[in-house]
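The lines below spell out each chain.
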Amino acid sequence: MHGAVEKLDLRELEAGYSEEGHPAYHPALLLKVWLYAYALGWTSFAAGWSSAFGKIWRFRYLAGGAQPDFWALNEFASATGER
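Keep in mind the model is a prediction, meaning the values are calculated, not measured.

Conventions adopted
Residues numbered from 1 in each chain as written. Predicted model: local features only at pLDDT ≥ 70, side-chain atom pairs only at ≥ 80, totals over all residues. Heavy atoms only, no water. Core = buried A, V, L, I, M, F, W, Y, C linked by side-chain atoms within 4.5 Å. Buried < 20%, exposed > 50% of the residue type's maximum accessible area, 1.4 Å probe, protein only. Helix = DSSP H or I, 4+ residues; strand = E, 2+ residues; numbered from the N terminus. Salt bridge = Lys/Arg side-chain N within 4 Å of Asp/Glu carboxyl O.

A. Representation of the nonpolar core. Ranked by internal contacts, the top residues of the largest apolar core, which has 17 residues, are Leu 31 and Val 33. Looking at this core, the elements that each hand over two or more residues are α3 (27-39), α5 (57-62) and α6 (70-79).

B. Highlighting the environment of Tyr 61. Mapped onto the secondary structure, Tyr 61 falls in helix α5. Sequence separation between Tyr 61 and His 2 is 59 residues, and the spatial gap between their C-alpha atoms is 9.5 Å.

C. A look at the pattern of salt bridges. Counting across every chain of the model gives two salt bridges. Across the pair Lys 32 and Glu 6 runs a salt bridge whose closest N-O atoms are separated by 2.4 Å. Pair noted here: Lys 32 is in helix α3 and Glu 6 is in helix α1 (residues 2-6), with a separation of 26 residues, a long-range link. Owing to a relative accessible area of 5%, Lys 32 belongs among the buried residues under this scheme. Asp 9 is paired through a salt bridge with Arg 11; the nearest N and O atoms lie 2.8 Å apart.

Structure representation (structure tokens):
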């Protein structure tokens, strides 16, 4: 999954990022995490996706050590039309 996502053209998602506020997570990072969580059957952010980063090494690997919170994951899903 990591290699497949790295080959995707995510410029359209990146274009929607604002320069205001705190630095955003790269769309590839969020997409990897999102796809992996869905593959595990985690379809709800309320199921504790953001808390999984501290507990499950696979999420930390896919996120490059970053720990996006609920708000970042939810915003990404909204931007991709999943919410």
